[in-house]
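# Structural features, examined
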Amino acid sequence: MIKKDDLELKMKQFDLAMSPPDTEPERQYFYMAKAKKTVSELTKKLGRKPTFCVVTFGCQMNARDSEKLAGILEEIGYIDNGEDENSDFVIFNTCTVRDNANQRVYGRLGVLKNYKKKNPDMRIGICGCMMQEQSVIEKMKKSYRFVDLIFGTHNIFKFAELVANMLESDDMLIDIWKDTDQIVEDLPIVRKYPFKSGINIMFGCNNFCSYCIVPYVRGRERSRNPEDIIREIEMLVADGVIEIMLLGQNVNSYGKNLDEPISFAQLLQRIEQIEGLERIRFMTSHPKDLSDELIAVMRDSKKICRHLHLPLQSGSTRILEQMNRRYTKEQYIDLALKIRREIPDISLTTDIIVGFPGETDADVDDTIDVIKKVGYDNAFTFIYSKRTGTPAAAMENQVPEDVVKRNFNRVLETVQQTSKNRTVSFLNQDVTVLIEDMNDQDDTLVTGRMSNNTIVHLKGDCSMIGTLQKVHLDECHGFYYIGHVID
Ligand code: SAH
Ligand code: SF4
Ligand code: F3S
């Protein structure tokens, strides 16, 4: 991240007739200056500033990447058109973790094609995890010729350069890297919320769970230096952020491969010292790497939120082994109960996959047994999706659809029951709520989150957005509360 003033000073120093610098991020500053010039010519031609729209699919990592794309587009002179895809530059930041994510992208690209017919100056970019699959690129080249720019997850840092080149050409520009060990810091970012922010602490994943495509599309695990992370959080706090979400596919292995190794728990302790920062969240924790040190740091912290997302995937030891998760049913339960013992008010949430190859009703019974024993506050349940290139896709015993549906419903019912039981336990308590938005349906209400991530609606107005409020919880409606502010 870089401050706007500092960036503009740097951009002014370039002679655009010269060749660009070879070092990063200076090279990108050069291309931002160049693109800015082209966009100002476009502005003259249109008689208004051109608009952009970034559509994000998938996880928090992608959401953060989209903020980086928006940061550059605003810097070079585009204005944000919100969610209106009828814009001068539309970018789809895609996800490929399950096939339905891909299908949604293809469907919406069809809509863009019609917009482009009416607005020939329109540019369409597509990036993110789907673009790291060779078969997708082939399909783009064949059936989606109206797309102007295609790039992947590893070279997103050179977005400014790609845009500058795209604006000067009418051909489809494709730039995909297989992998990278580079981490480029100090690029502009615009946040969706002024008061909270995601922040990458690591990229990629080395776990190769047998069903999962993420390691193939996000590359090998790389941790950012703790100093860079702290510096970025300090800048965010100076800019009004009070809650941060540390992002990584497996935050528990953060720092292990740095030249000066540091544990995730140690990083959290350093972040806790940052004055003005009120809340710390993180995502995601792999159960196999969750240390006692982390539990102790969470327990003793005033800022780390009372929420842990601990993906189970399956409760059957046999299936877990096939999934390459590297823990057993019993180890997972012991860990979850230890966390509940040490931090009783913590909210535990999870991800579950139903229908992994070879899964029987008895395996699903094991999953249901874990759900009951742990008593999740919330759980995301997914139907297994076959991802080409992963070991599980080559397994022969894929489960028939009707069996998967039946078991999915059994799991969902159990999850809904336990989460209802857990949520209600906070009724009539006084809690702290970070107010995040106006309520969608009722403009006399605002919506916020408790430390444990549970949603609360309460009377209020937009001046409260971004503030922490003491709230009494009056009514529990299953997954959320109605409360009121107390002094
Ligand atoms: N790194 C995170 C998960 C990222 S993907 C972690 O390990 O927890 C988010 C979730 O998508 C996973 O937890 C898993 O439950 C689900 N998922 C991943 N691959 C899937 C697949 N092929 N089919 C269905 N669900 C999948
Ligand atoms: Fe996928 Fe497993 Fe890595 Fe999570 S830890 S991203 S599920 S391979
Ligand atoms: Fe999807 Fe990529 Fe995230 S595949 S879940 S957007 S890392």
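Before reading on, note that the structure itself is shown above.
Quick look at the structure, then. (Residues numbered from 1 in each chain as written. Chains lettered and ligands numbered in written order. Predicted model: local features only at pLDDT ≥ 70, side-chain atom pairs only at ≥ 80, totals over all residues. Heavy atoms only, no water.)

### What to know about the packing of helix α1 (residues 4–12) against helix α2 (residues 26–46)
Two elements in contact, α1 and α2, have axes whose closest approach is 9 Å; the angle formed by their N-to-C orientations is 80°. When the interaxial angle is binned, α1 and α2 end up roughly perpendicular. Contact with α1, carried on its side by L7, E8, K10 and M11, involves Y29, M32, A33 and K36 of α2 and no other residues of that element. Tallied by class, residues from the contact of α1 with α2 come to five nonpolar, no polar and three charged. (Axes fitted to C-alpha atoms, helices over the stretch in contact; angles between N-to-C directions. Helix = DSSP H or I, 4+ residues; strand = E, 2+ residues; numbered from the N terminus. Parallel < 35°, antiparallel > 145°, perpendicular 65-115°, else oblique. Contact = heavy atoms within 4.5 Å. Nonpolar A, V, L, I, M, F, W, Y, C, P; charged D, E, K, R; others polar.)

### Looking at the sheet that holds strand β12 (residues 307–309)
The strands that make up a sheet are held in pairs by hydrogen bonds between backbone atoms, and each pair lies either parallel or antiparallel. Reading across from one edge, β12-β13-β14 is the order of the three strands in this open sheet, with parallel pairing throughout. Sheet topology places β12 and β14 (378–383) at the edges, where each strand pairs with a single neighbour. On average, each strand axis in the sheet is inclined to that of its neighbour by 15°, with strand direction left out of account. With three bridges connecting them, β12 and strand β13 (residues 347–354) associate as parallel partners. Bridge pairing in β13 links H307 to S347. (Pairing = 2+ DSSP bridges.)

### Topic: the site of ligand 2
Taken together, C205, N207, F208, C209, Y211, C212, V214, P215, Q249, H286 and R325 make up all the residues around ligand 2. In terms of residue class, the shell around ligand 2 is built from seven nonpolar, three polar and one charged. (Near = heavy atom within 4 Å.)

### Description of the environment of E67
With respect to the helices and strands, the residue E67 is situated in helix α3 (residues 60–76). What makes E67 buried here is its relative accessible area of 14%. As for E67 and P120, which are separated by 53 residues in sequence, their C-alpha atoms are 26 Å apart. Sequence-distant contacts of E67, that is, excluding residues within four places in its chain, are made with I189, V190, R191 and K192. One polar contact links the side chain of E67 to the main-chain amide nitrogen of K192, over a distance of 3.0 Å. (Buried < 20%, exposed > 50% of the residue type's maximum accessible area, 1.4 Å probe, protein only. Polar contact = N/O pair within 3.5 Å; in protein donor to acceptor, adjacent residues only side chain to side chain.)

### What to know about the pairing of strand β15 (residues 430–438)
By the bridge criterion, five bridges tie β15 to strand β18 (residues 468–477) in an arrangement that is antiparallel. Its bridge partner being in β18, V433 is matched across the sheet by Q469. Hairpin connection from β15 to strand β16 (residues 445–450): six residues lie between these consecutive antiparallel strands.

### A few points about the sheet that holds strand β6 (residues 173–175)
Pairing in this open sheet of six strands is parallel, and the strands run β2-β1-β3-β4-β5-β6 from one edge to the other. Sheet topology places β2 (79–80) and β6 at the edges, where each strand pairs with a single neighbour. Pairing analysis gives six bridges linking strand β3 (residues 89–94) to strand β4 (residues 123–128), with the strands arranged parallel. Bridging from a neighbouring strand, F89 pairs with R123 of β4. The strands touched by helix α4 (residues 99–118) within the sheet are β1 (51–56), β3 and β4, with β3 carrying the most contacts at an inclination of about 175°.

### Comments concerning α4
Residues separated by three or four positions in an α-helix point in the same direction, a consequence of the helix having 3.6 residues per turn. Look at α4: 31 Å from first C-alpha to last across 20 residues, which is about the 28 Å you get at 1.5 Å a residue. Along α4, the positions that sit buried rather than exposed are A101, N102, V105, Y106, L109, L112 and K116. All buried residues of α4 lie within an arc of 135° about the axis, which places them on one face of the element. For α4, the exposed residues lying more than 90 degrees away from the buried face are N100, K117 and K118. Next to the buried residues of α4 lie β3, β4 and α5 (134–143). (Expected span 1.5 Å × (residues − 1). Arc of directions from axis to C-beta.)

### A look at the nonpolar core
Grouped together as the largest cluster of nonpolar side chains are 71 residues, with contacts concentrated most on I233, L246, F264, I271 and F282. It is helix α8 (residues 226–238) that contributes the most residues to this core, six residues altogether. Setting aside chain neighbours within four positions, we find L246 in contact with I199, I201, I233, V251, F264, L268, I271, I280, R281, F282 and M283. Of all hydrophobic cores here, the second largest spans 35 residues; its members include I72, Y78, M166 and L167. (Core = buried A, V, L, I, M, F, W, Y, C linked by side-chain atoms within 4.5 Å.)

By themselves, these observations are geometric and do not establish any function.
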